[in-house]
Every structure is written in structure tokens, then in C-alpha cells.
Amino acid sequence: MKRILYLCLLMVLGSCLYAQDFQCSISVNANQVTGGSNQQRYNDLQQKLYQFVHDRKWCQYTLKTNERIECAIQINLTKVSGDVMEGTMTVILQRPVYKASYKTTLLNFQDKNIQFTYADGDPLEYSDNANISQFTSLLAYYLNLFLAVEFDSFSMNGGAPYYNKMQTIVNFNQSAKEKGWSVADNGQSNRYWITENLTNSTYSKLHDFFYQYHRLGLDVMNETPDAGRAVILESLKLLQQVHAQKSNLALVKVICSTKADEIVNIFKEGMPNEKTQVINIMKQIDPTNSSRYDAINSTSK
């Protein structure tokens, strides 16, 4: 009997480990909460978040250990009133570059207005088919965004199933009192507009960008840097075309803030005509940070 129970335990533990889709660093910081804080409360919340992310199946594929999605979720609380918590959430997604020790950052941005309710001891429950908790919907939204962008970077439109899940989560939260889910919240830089940009067929070249830039560009640069750089230039032209359709898209802003330094470093090694084209493109689609791209013409280390 003991042997049977032991084998059953191994099977359960094995299935949990097998199901993991993410290698995700999670932090909850409450240093800015005024009036004192119970740090153990936030440590417990951080542990629950870790379990929520890692102990359930999010991806439709079976990922090997070395294929798990590398990401980070950093919650910075600024106000806590009873069970209602407010703050910001920084989300970061990386993936390795083929035949290189380098990891490229796919996403790095801050959701500046998160609000959720969490009572000590509450289970973190989630369903794809119902809005059980606004907090877990928020987490599931970004986990699906991670999966969507990751798979888009490996295959053309590979992230489509996860963009659809993001849209479902946004739809569920249209009547939520918490901000960030509706068309009117925070201009065009919230969850609603990021999802709109990714599911609107008018901007389908955004998906082409993720695939061309990463799979056809970065992934070949270790062996054929000139060819990879040429493809990356063509992928930036796709962003330029999207920008021409509509300026100041939320996702284009996210891409530019995430990729600016990497683009500069890549094209420091480029030919003069490549440098000129990239500088012109990036200054057009990212005018707020246009001076950053002048560094492309500086001497490469």
C-alpha cells in the first residue's frame, strides 16, 4: 500500500512539473505603501502568485524544460486600503537567440494603473470561460500576452490562439470598476488598446514584425550577421507601414521602448545606407526618443 501511495505521489508531482509553461520571476513590492505594512502579507501574496503561474497549464503545447517561457512580473504597490490594492505592474518577456548566448527582450513595459482586490487566504482561481476574479484575469491576460508574442516570434501568426484569449479576458472585464480594460481608460496605452492592436487585422503587419525580426533576423545573425541585419531592417519597415496607417499605436510604443537599445547596437555594425534608413524609420515611428537613434552612427565598441 505504501508503495502504491508513493508511486501515486510521484505521478502527481511529475504531472505538475510537466505542466509548467513558464520560468517566471515574480515580485511584490509594498515599500511605497504608506502607514506601515505587513511584509509577511505581501510575501504570502508573492508565493501565491508564483504558484498560480507555475502550477497550472497555460500553453496548448507540451514544453520541455528548456522551452519554458522566460518572463518576469513585478508588482509595485502604492496604495492598500483593506483588501483593495493599487499600483503598477512591470512585465518582461525574453527568449534566447538561436546559436547565441544572447537573450532578446520581446516585451518590457509597465502597466501604470493596476487595481485588484485580494483578501488574505483567498484562493487564486481562474477560468477561461468566466470572470471569477479581476485579479486573476489581470495575471492571465499578461501570461497569454507572453505566450502570444513568444510564439509569434517563432512562427508566422503562431500566437493567434493566445491573442484570442486576451480578447476574451478584455471582453469579460468591460464592466469592471478597475481601470485599464476599457476604451476610455488611460488614452491608448492600456490593456484594451494593446489587445485591439494585436487582434485588428488592419495591423496584421505587427505579427509579421515579431516573426521577421526575431526568427528570420536575430536567429540567423550569429552565422550570417549581414543577412540577419538586412531582414531586421525590412521588419522595421513593417512597423513604419503600421505607423503610416495610424500613429501612436500602443503596441508600436511598447515595441520601440523595448527594442530601442537593441536596434541601436545591431545597426552600429551596419552599412552606411542601412544606418541612414534605420535612423529615419525609428525617428519617424518613435519621435519622443528620436535622439537615442543618433547613437547608431557612433563608433561601435
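All values derive from a computational prediction rather than experimental measurement.

What counts as what
- Residues numbered from 1 in each chain as written.
- Predicted model: local features only at pLDDT ≥ 70, side-chain atom pairs only at ≥ 80, totals over all residues.
- Heavy atoms only, no water.
- Helix = DSSP H or I, 4+ residues; strand = E, 2+ residues; numbered from the N terminus.
- Polar contact = N/O pair within 3.5 Å; in protein donor to acceptor, adjacent residues only side chain to side chain.
- Contact = heavy atoms within 4.5 Å.
- Salt bridge = Lys/Arg side-chain N within 4 Å of Asp/Glu carboxyl O.
- Buried < 20%, exposed > 50% of the residue type's maximum accessible area, 1.4 Å probe, protein only.
- Expected span 1.5 Å × (residues − 1).
- Axes fitted to C-alpha atoms, helices over the stretch in contact; angles between N-to-C directions.
- Parallel < 35°, antiparallel > 145°, perpendicular 65-115°, else oblique.
- Left-handed = near helix turned anticlockwise from the far one by under 90°.
- Nonpolar A, V, L, I, M, F, W, Y, C, P; charged D, E, K, R; others polar.

A.B. asks: Give me the lowdown on the side chain of His-54, citing residues and values where you can.
C.D. replies: By the element assignment, His-54 lies in helix α2 (residues 39–54). A polar atom in the side chain of His-54 sits 2.8 Å from the backbone oxygen of Tyr-50. Beyond its immediate chain neighbours, meaning those up to four positions away, His-54 contacts Gln-20, Phe-22, Gln-23 and Cys-24.

A.B. asks: Describe the pattern of salt bridges, and please don't skip the residues or the numbers.
C.D. replies: Under the counting rule described, the total for this entry stands at 16 salt bridges. The partner of Asp-21 in a salt bridge is Lys-57, and the shortest N-O contact between them spans 2.7 Å. Highlighted residues: Asp-21 in the loop between α1 (2–19) and β1 (22–29) and Lys-57 in the loop between α2 and β2 (69–81), separated in sequence by 36 residues. Between Arg-292 and Asp-261 there is a salt bridge, and its shortest N-O distance comes to 2.9 Å. Placement of the pair is Arg-292 in the segment after α9 (272–285) and Asp-261 in helix α8 (residues 250–267), with a sequence separation of 31 residues. On the basis of relative accessible area, Arg-292 is assigned to the partly exposed category, the value being 31%.

A.B. asks: Go over the environment of Trp-193, please, and point to the residues and values.
C.D. replies: Following the sequence through the fold, Trp-193 ends up in helix α5 (residues 191–199). In this structure Trp-193 comes out as buried when scored by relative accessible area, which is 13%. The sequence separation of Trp-193 and Tyr-126 amounts to 67 residues, and the corresponding C-alpha distance is 23 Å.

A.B. asks: Break down helix α7 (residues 225–245) for me, with residues and values.
C.D. replies: For α7, built from 21 residues, the straight-helix expectation of 30 Å at 1.5 Å per residue is met to within 8% by its first-to-last C-alpha distance of 31 Å. Gly-228, Arg-229, Ile-232, Leu-233, Ser-235, Leu-236, Leu-238, Leu-239, Val-242 and His-243 are the residues of α7 that are buried. Looking at the buried positions of α7, the neighbouring elements they touch are α6 (205–217), α8 and α9.

A.B. asks: Give me the environment of Ser-153: which residues, what numbers.
C.D. replies: Inspection of the secondary structure puts Ser-153 in the loop between α3 (134–152) and α4 (160–172). Through-space distance from the C-alpha of Ser-153 to that of Arg-95 is 9.1 Å; in sequence the pair is 58 residues apart. Not counting residues within four places of it along the chain, the set of residues in contact with Ser-153 comprises Arg-95, Leu-106, Phe-210, Tyr-211, His-214 and Arg-215. One polar contact links the side chain of Ser-153 to the main-chain carbonyl oxygen of Glu-150, over a distance of 2.6 Å.

A.B. asks: Talk me through the packing of α3 against α4; I want residue IDs and the actual numbers.
C.D. replies: For the pair α3 and α4, interaxial distance at closest approach is 8 Å and the crossing angle is 160 degrees. Relative to α4, α3 is oriented roughly antiparallel. The chirality of how α3 crosses α4 is left-handed. For the pair α3 and α4, contact is made by Ser-137, Ala-140, Tyr-141, Asn-144, Leu-145, Leu-147, Ala-148, Val-149, Phe-151 and Asp-152 and by Tyr-162, Tyr-163, Lys-165, Met-166, Ile-169 and Val-170, respectively. Among the residues forming the contact of α3 with α4, the class breakdown is 12 nonpolar, two polar and two charged.

These figures come from the coordinates and say nothing about function on their own.
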